[in-house]
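Descriptive analysis of the structure
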Amino acid sequence: MNLSRSLSIVCLFAMSIASSAQPQDKQLKAQPAHPVPSVQDTETHAQRDARMEWFREARFGMFIHWGLYSVPAGTWKGKQIPGIGEWIMNNGSIPVADYKALAPQFNPVAFSAHDIVALAKSAGMKYIIITAKHHDGFAMFDSKADPFNIVDATPFKRDPLRELAAECRKQGIKLGFYYSQDQDWTAPGGAAYKTGDHQPPTFHWDKAQDGDFATYLHTKAIPQMKELLSNYGDFPAIIWFDTPTKDMTPALAGEIVALMNKYPKLIWNNRLGGGYDGDTETPEQFIPPQGYKGRDWESCMTINDTWGYKSYDTNFKSTETLVRNLIDIASKGGNYLLNIGPDAQGNVPSAEVERLQQVGRWISVNGESIYGTQPTLFGDEAGSYNSSEKDSKGKPKFIPAWNWRSTTTADKIYIELFTWPTGKFHLNKVPRTVTSAYLLADPSHTPLKFTQTSAGLDVELPSKALDPIATVLVLNTEK
Ligand code: GLC
């Protein structure tokens, strides 16, 4: 990868941010002429609404980063390799042959598609996205297109994607596939992002990686994407691309788009490259201050500090943080894609299981304030920009506030209270007439006293929160 490639990555990123700030109508028209028009270029707004409907209602999904990197689990030749677990090959400059030698050691017999899907369901998640192939090039599915895959190269010989697809169907939840279409560190010609002292123009660290990108795409990535799109019945519901480089020209990306156009219900993200915006913005490891106007979006986040399993990363986020992130995201109209990283046996770390189940307990009581809701009618509650503190781009930094958030439906306003107000909860301006109020966690929905005047709304609350993480106040409303 040379400087211009790095620059073009930055530009792609900047472009996607710029386009996301535009209203939907304009954004549709402003699309550059693509060599192959994508579904987003040709469909009507009504068609897009129908295609995106389940995704917009879902609000909460499970990301699974699982692959060969769970075998070294963050340690190579006795040394802990800094960085995220699934990048160990790149960060540790591991030669292709040495990395491929991990495959015979990968035998995740504890893997249970049933248990993972049941875990997602118990957490209240409505879809799962699993890494079908990450940047290391190892396919976690039965691939005739390339032998470096879990069925042909490991003693396990099973296809976890097939098993997950069957379970997702049985348990009524959607399944999507992450596919690293551009970076591939074990296939000749696959791209690599710059890391450490790896040299331009390719940033490869092993001669075995050198080759022609278009050939890689034609002999591995596109054939594997065909397999993923046609071998799993009604799945994938989503294709989740990642880390585009300038190698992915509009023409090459167009070939992938032509393939995806055969699957009119498919949703895909903004990381294909080649100038395609896809369906979703994908803020990574952060929640945008105000969402993305006119664009669907999904914040993907780790549960500790890595996507792929690292044996010594125990910096798990608290259940409180996870629930609050979900509420914060829902209040801005996005989805929360929360990651788990199973280990080399196929077990989900118990700290991750516990937290997901605890999130599920909150959702089982309060889920109606999340699923299928619309963003806040207010806005200032999310926080404010501080002009004296700058963010990494030199812009005023957004400082979130954590007192409350709000979500809405046609006839309800939900207020998710993080900080319990003493006595009364006050809102200055409520754009609807409130007809009654109660707490969602109160099984009898006892009506709460309230007054609504030109000075705003006051609701009388009991002395203690019903839930220490977030107690949801429901306001029934008329327009
Ligand atoms: C990044 C990383 C990757 C991870 C992804 C999740 O782009 O390259 O390892 O899969 O983010 O969003």
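Notes on the structure follow. Model, not experiment: these values are computed from the prediction.

1. A few points about the sheet that holds strand β10 (residues 335-340)
As summarised here, the arrangement of the eight strands in space is β7-β6-β5-β4-β1-β10-β9-β8, forming an open sheet in which the pairing is parallel. Whereas interior strands pair on both sides, the edge strands pair on one side only; in this sheet they are β7 (267-268) and β8 (280-281). Bridge count between strand β9 (residues 296-301) and β10: four bridges; the pairing is parallel. Residue pairing for β10: Glu298 is matched across the bridge by Asn335.

2. Here's the deal with the site of the ligand
Near the ligand there are 15 residues, and of these His65, Glu86, His134, His135 and Glu284 occur at the shortest range. Within the side chain of Glu86, one N or O atom sits 2.5 Å away from an oxygen atom of the ligand. Trp87 is positioned with one of its side-chain polar atoms (N or O) 3.0 Å from an oxygen atom of the ligand. Here the ligand, which alone exposes 310 Å², has 94% of that area covered by the protein. In terms of residue class, the shell around the ligand is made up of seven nonpolar, four polar and four charged.

3. A short note on the side chain of Glu227
Here Glu227 shows up in helix α9 (residues 213-230). Although Glu227 is buried, it forms no salt bridge, and the closest oppositely charged side chain is Lys144 at an N-O distance of 6.5 Å. Look past the residues within four positions of Glu227 in its chain and what remains in contact with it is Phe141, Asp142, Ser143, Lys144, Ala145 and Tyr232.

Scoring rules and cut-offs
- Residues numbered from 1 in each chain as written.
- Predicted model: local features only at pLDDT ≥ 70, side-chain atom pairs only at ≥ 80, totals over all residues.
- Heavy atoms only, no water.
- Pairing = 2+ DSSP bridges.
- Helix = DSSP H or I, 4+ residues; strand = E, 2+ residues; numbered from the N terminus.
- Near = heavy atom within 4 Å.
- Polar contact = N/O pair within 3.5 Å; in protein donor to acceptor, adjacent residues only side chain to side chain.
- Areas by Shrake-Rupley, 256 points an atom, 1.4 Å probe, with all protein chains shown as cover.
- Nonpolar A, V, L, I, M, F, W, Y, C, P; charged D, E, K, R; others polar.
- Buried < 20%, exposed > 50% of the residue type's maximum accessible area, 1.4 Å probe, protein only.
- Lys, Arg positive; Asp, Glu negative; His and termini not counted.
- Salt bridge = Lys/Arg side-chain N within 4 Å of Asp/Glu carboxyl O.
- Contact = heavy atoms within 4.5 Å.

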